[in-house]
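Topology and contacts: notes
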Amino acid sequence: MYNLRLAFKNIFRNRTRSLITLGAIAFGCISLIIAGGFMEDIFFKLRESYIHSFLGHMQVYRKGFFEKGAARPFDFMISDPVAVEKRILSVEHVRLVAPRLEFSGLLSTGDTTVSFIGQGISPHEEKELSNFLFISSGENLSGGDPYGIILGKGLARSINAKPGDPLVILTNTKGGAINALDVTVKGVFYTASKAFDDRAVRLPIGTAQKLLHTDDVQTLVVLLDRTDNTGAVMKNLSAMFKKDGLDLEIKPWYELADFYNKTVALYKRQFMVLKIIIAIVVVLSVFNTMNMSVLERVGEVGTIMALGTKKRTVVALFITEGLILGAIGGIIGLAGGYLLASVISYVGIPMPPPPGSTASWTAQVKVVPGVFLYAFVLAIATSAVSSFYPAFKASRLEIAEALRHNI
Amino acid sequence: MKIVYVGKVTKEFHLGSTVVNALRDIDLTVESGEFMAIAGPSGSGKSTLLNIIGCIERPTSGEVRIDGVDVLNLSSNELAQVRAARIGFIFQTFNLLPVLSVAENVEYPLHLKRERDGKAGKVASILKEVGLERFSRHKPAELSGGQRQRVAIARALVGSPSIILADEPTANLDHNTGTEILNLMKGLNKKFGTTFIFSTHDQKIMALADRVVELRDGMTAGDRCTT
């Protein structure tokens, strides 16, 4: 307690220097909090965008579809999808289940024909699942119009189609025959993924099943109340499928969102570089302060050692001073970081569309307890580490020699 | 009772290739309760001898016992313990910790001795002895030289050490204040029976000591009792 009091008083003997050091530590913390919170906000929005645009929190397939479904999409269909949907909906935290039937084919205006990827969807469920799917013209699918379809913005532009235009869909049925269907463009949409918008067509699942001559679906997209419940629901669903003898597999959103995973890895690496730079700034700043402090207090160190203070206590005294500097600087940094994060989040940062997307968005700085804790621990740890050498140097002073320096 | 025994002590300093003999074959015995001066001109080895008795420096050869403890075989931690428990120091430049108040400076040796109870009472009592009870909350910078040296005396005495070593305690004070300080030390020596060993080159100050050991060129040049 006495040493702590002494350390505390020593810190503020040279107020200007200590304030500059505290400023450097606080600046480091604020930078980490803002950069980390901004990044977390990007991760969060990107993640939710992917989940609500098309991935859902998890997707249920017939076993083998995920591996081989691209080549043989109709060999791995879920039979009696309505019954399976009901079973999934009985699990806690599941908000809705949306069946999908994907196929590819040709889309023709009469003059122009292009290939497309079709998604037979349930309009009612997808409205809630596709929060990040925006209609740019016309209207979204509804249950009342079985032959209305919506097109991705890029695809619509490529064939110069607009709402109300008649089109013809041509595709292979499940059995391999060729089937065609007259449809009408109901609307044009865009999502966070430009690649998707360039090729996608959405139509009511009943119409898709009719076109493909099947009652089955390939995918059941599951949406939960919260993303954090993904793991728990997956576990419960797997147990249920096993118990019911259903030959189904589940893929969570994070295994499906490859772009998201790569973005997170890239940002985290950049953030690591920032962390290292900030740690170096704090280390140099505290080291300079502590080193100056030792040089100024040679006579004083000699005195306390002559009075009977042990070397390790001298080390502890200087490290405690470093720790206090780190803790005060850290607390100022956390408060400043929180304040700045709140202001930035209130104002918002206008962001251009992310790679592969067409929609711009507003970024915020998320207040993440983990980032705050990290910034605080970094402030204290780097301050303690950078105090170590000056502290060690002080403890190695020859007492008689040190006493020749005036206090 | 012998409180200090110094036998055949030599101390050499190496300045580049030159060897300086600061002390040569010094023999000294100090009895408990003595009020003794080590006198001699600058460079005679007074401070070095005090540092060796104070366990701050190790001699090149010889034997040193403090309060019966052979201090030459002790580690640096053990020497720190001996200093904290048995020796009080008074310095020429007072050497008070500037960030601490008078009372906190005086409390420092009690903290080193890990005393838990009655610290405030001991500090107040010793400050009263040196006439500074009204200044306990002052910082050293707010005191005069004589007052600062009184604080240093209180700090040296508060832990009830066996010996108090004072290296030129009056050198930075005017003559009257120096005499006052020496008289205060002498009074405390009589009252508490604490052994005082101080160095000086001032003849008038020397005259206040009960015993004067004179050093010249690192050797004992005289040892006389003045009472």
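This structure is a prediction, so every number in the text was calculated from the model and none was measured. (Residues numbered from 1 in each chain as written. Chains lettered and ligands numbered in written order. Predicted model: local features only at pLDDT ≥ 70, side-chain atom pairs only at ≥ 80, totals over all residues.)

Observations regarding the sheet that holds strand S2 (residues 18–31) of chain B
Residue and element names in this part refer to chain B. The strand order across the open sheet built from 4 strands is S2-S1-S4-S5, with neighbouring strands paired in antiparallel fashion. Bordering the open sheet on either side are S2 and strand S5 (69–70), each of which pairs with just one other strand. With 5 bridges connecting them, strand S1 (residues 2–15) and strand S4 (residues 61–66) associate as antiparallel partners. Counterpart to Thr10 in the pairing with S4 is Ser61. With respect to the sheet, helix H1 (residues 46–53) is in contact with S1, S2 and S4, its orientation differing from that of S1 by roughly 125°. (Pairing = 2+ DSSP bridges. Helix = DSSP H or I, 4+ residues; strand = E, 2+ residues; numbered from the N terminus. Contact = placed C-beta atoms within 7 Å. Axes fitted to C-alpha atoms, helices over the stretch in contact; angles between N-to-C directions.)

Some points on the domain arrangement of chain A
The domain boundaries assigned to chain A delineate domain 1 (2–50 + 260–402) and domain 2 (64–246). Computed from C-alpha atoms alone, the centre-to-centre distance between domain 1 of chain A and domain 2 of chain A is 50 Å. (Domains from an automatic or database assignment.)

Quick notes on the environment of Met351 of chain A
Residue and element names in this part refer to chain A. Position of Met351 relative to the elements: it lies in strand S11 (residues 349–351). Separated by 12 residues in the primary sequence, Met351 and Ala363 place their C-alpha atoms 6.4 Å from one another. Once residues within four sequence positions are removed from consideration, Met351 is found in contact with Ser360, Trp361, Thr362 and Ala363.

Thoughts on the nonpolar core
Among the nonpolar cores identified, the biggest contains 116 residues, and Ala154 and Ile197 of chain B are the most heavily contacted of them. The residues contacting Ile197 of chain B, other than those within four sequence positions of it, are Val30, Met36, Ile38, Leu50, Ile53, Ile163 and Leu165 of chain B. Within the second largest apolar cluster, 57 residues are counted, among which are Val97, Leu167, Ala208 and Val233 of chain A. (Core = buried A, V, L, I, M, F, W, Y, C linked by C-beta atoms within 7 Å. Buried ≥ 20, exposed ≤ 12 C-beta atoms within 10 Å, placed from the backbone.)

Things to note about the pairing of strand S1 (residues 58–62) of chain A
Residues and elements named next belong to chain A. Judged by how many residues are buried, S1 sits mostly within the fold: 5 of 5 residues are covered. Taking every second residue as pointing to the same face, both faces of S1 are buried, with Met58, Val60 and Arg62 on one and Gln59 and Tyr61 on the other. Pairing of S1 with strand S10 (residues 248–252) involves 5 bridges; the strand directions are antiparallel. Bridging across to S10, Val60 finds its partner in Ile250. Both S1 and strand S9 (residues 219–224) contribute to a ladder of 3 bridges, which runs antiparallel. The residue bridging Val60 from the neighbouring strand is Leu220, located in S9.

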